[in-house]
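A structural walkthrough
In case you want the letters, here they are:
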Amino acid sequence: MSIPFLDLKAINLRSKDAFHEALDRVLDSGWLILGKEAEAFEFEFAAYCESNYCIGVGNGLDALHLILRAYGIGEGDEVIVPSNTYIATWLAASYAGAKPVPVEPDERTYNINPDLIEAAITPNTKAIMAVHLYGQCADMDPIMAIAEKYGLKVIEDAAQAHGALYKGRKAGSLGHAAGFSFYPGKNLGALGDGGAVTTCDAELAEKIRVLRNYGSERKYHNAVKGYNSRLDELQAAVLRVKLPLLDEDNAHRGEVAKLYSEGLKGAPNLTLPFVPEWSSPVWHLYVVRSSQRDDLQGALHEEGIGTMIHYPIPPHLQPAYVEFGWKEGDFPIAEAMAVEVLSLAMGPQQTDLVTSYIIEQLKGRTNV
Ligand SMILES: *Cc1c(COP(=O)(O)O)cnc(C)c1O
C-alpha cells in the first residue's frame, strides 16, 4: 500500500469538467488579466471571509508583503512574527525592508504566544503578523488588545486557514488585514500560484489594488513604484469552481482529524493537536509531536505512508537570515518543534480506511 501525504491530483480531477468550462469561459471572454473572473472571485471570497474587500494578487507572500507596503512599513521598522512559522511570513517583512522580530509560540496551540508579544515591542515596532498555523486561528483577542495599546497593525497570515473560525468569526476578518495563499496544496488551492488580501479598510484595499498593478490607478499613470502581482483570470476562474467545495472539504478534514485524535489518544510519547474551545480549525495539517519523530517517520515511510515535516529548520537558523546572528538556543520552542513535529496525511478525500491504517501503523511504533 502506498499512501500519499496529500493526493492533489485526485482533489483536482473531481472538478475536471468544471475547470474545462471555466477555461472556455476565460478563452471566450478574450480577457486574461484583471477581468470579470478575478473581480467575481474577489467579491465571492470577501463574502466567504466575512470581510468587506478582497484583492487578488500573485501569491500569498506578495499578499503579506503588499499589506506591509500599503501601510508604509519598511526600512527601520520592526514586524513581530512567530518564531515557528513558514519562512514566507518573515520574508514578507524582509521584502518590505523591515526587520522580522521573532516571538515564540504557545506550546499547546503552536500559535504565537500573546503573553510574550509585549516584551518584543520596541519604539520601532509597527505590526504583528498573526499566523494561523496548521489551519487553527491564533488567539486574536489579546493580540488585538496589545496592538491597540501600542498603535500597531495586525496582519493575519491566513495562508493555511481558509474558513477557520475564531470565536465564530472567520479567518481573514479578524485583524486589520489578512493575506491568503492559493498555492495548490492549501485548503483552497489554484492550479498554480495565487493569493489574496482581505480587509475591511477601504483605503488599504485601494492602495493594494494600485500596488499590485505597477502602482497605477490609471493605465500608464504611476503614482507609486508598484509591483506586478495579480491573480490571473484563469486561476480566479479555477478558484470560483473550488470555493463552493471549501466548507465540505474542511468538514471532511475535520472528520479525519477526529479519527486521528480518537485513535491516537493515549499513545505514549505522542502529543496530539490541542484545540481551544473558541477555535474551529480547518486542519490544513494534522501535526503530532514526538521525541522519536525521525524513527516514526522512517518506519511509516517503510510502510509506504507519506508524512511531512512543517518545518524542519526554523527561520532564525536559516542561512537566509544569517544577517541577524541568531543562534541555536535563541528560540528553543521553535527549535524543539523543528525536531519533533510530524504532519500526518490529511486531505478532503482521505478515506476512513486509510486514516485507520495510519493510526494502527503509528500506534504500534510509539515508545519504541
Ligand atoms: C504557503 C504559505 C505562505 C506563502 O504563500 P505562497 O502562495 O506560497 O507565497 C505564507 N505563509 C504561510 C504560513 C504559508 O503556509
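Residues numbered from 1 in each chain as written. Predicted model: local features only at pLDDT ≥ 70, side-chain atom pairs only at ≥ 80, totals over all residues. Heavy atoms only, no water.

1. Considering the pattern of salt bridges
Opposite charge on two side chains permits them to pair, given that their charged atoms come into close proximity. Applying the stated criterion across every chain, the model contains 17 salt bridges. In this structure, the salt-bridge partner of Glu42 is Arg212, at a minimum N-O distance of 2.8 Å. Here Glu42, found in helix H3 (residues 36–48), pairs with Arg212, found in the loop between helix H7 (202–211) and strand S10 (216–218); they are 170 residues apart in sequence, far enough to count as distant. Taken as a pair, Glu42 and Arg212 share a single burial class, namely buried. (Salt bridge = Lys/Arg side-chain N within 4 Å of Asp/Glu carboxyl O. Helix = DSSP H or I, 4+ residues; strand = E, 2+ residues; numbered from the N terminus. Buried < 20%, exposed > 50% of the residue type's maximum accessible area, 1.4 Å probe, protein only.)

2. Details of the side chain of Ser51
Positionally, Ser51 belongs in the loop between H3 and strand S1 (53–57). Non-local contacts of Ser51, meaning those with residues more than four positions away in its chain, are made with Ala46, Gly172, Thr198, Thr199 and Cys200. (Contact = heavy atoms within 4.5 Å.)

3. Some details on the packing of aromatic side chains
All told, the structure shown has 15 aromatic pairs when counted by the stated rule. Cluster of aromatic residues (ring-pair linked, three or more members): Phe41, Phe45, Tyr48, Phe180 and Phe182. The positively charged end of Arg108 is found above the aromatic ring belonging to Phe274, 4.0 Å away from the centroid. The ring of Tyr48 carries the charged tip of Lys170 above its face, separated from the ring centre by 4.0 Å. (Phe/Tyr/Trp six-rings, centres within 6.5 Å; stacked < 30°, edge-to-face > 60°. Lys NZ or Arg CZ within 6 Å of the ring centre and 35° of its normal.)

4. Comments concerning the pairing of strand S3 (residues 99–103)
Judged by how many residues are buried, S3 sits mostly within the fold: four of five residues are covered. Across five bridges, strand S2 (residues 78–82) lies against S3 in parallel orientation. Counted as the bridge partner of Ile80 is Val101 from S3. For the crossover that starts at S2, traverses helix H5 (residues 87–96) and ends in the parallel S3, the hand is right-handed. (Pairing = 2+ DSSP bridges. Right-handed = clockwise from strand over helix to strand, strands pointing away.)

5. Regarding the sheet that holds S2
Strand order in the open sheet made by the seven strands is S1-S9-S8-S5-S4-S2-S3, with mixed pairing throughout. In this open sheet, the two edge strands, each paired with only one partner strand, are S1 and S3. On average, each strand axis in the sheet is tilted by 25° relative to the strand beside it, whichever way the strands run. Two elements, strand S4 (residues 125–131) and strand S5 (residues 153–157), share five bridges in a ladder whose sense is parallel. Across the sheet, Ile128 pairs through a bridge with Val154, a residue of S5. (Axes fitted to C-alpha atoms, helices over the stretch in contact; angles between N-to-C directions.)

6. Describing the nonpolar core
Judged by nonpolar contacts, the single largest core of 33 residues is most densely connected at Ile67, Leu68, Ile73, Val79, Met129, Ile155 and Ile208. Counting residues per element, the ones that place at least two in this core are S1, helix H4 (60–70), S2, H5, S4 and H7. Looking at this core, the element that brings in the most residues is H4, giving seven residues. Apart from residues lying up to four places away in sequence, Ile155 is in contact with Leu64, Ile67, Leu68, Ala127, Ile128, Met129, Ala130 and Ala177. In this structure, Val256, Ile309, Met337 and Leu362 belong to the second largest nonpolar core, which totals 32 residues. (Core = buried A, V, L, I, M, F, W, Y, C linked by side-chain atoms within 4.5 Å.)

By themselves, these figures tell us nothing about what the structure is for.
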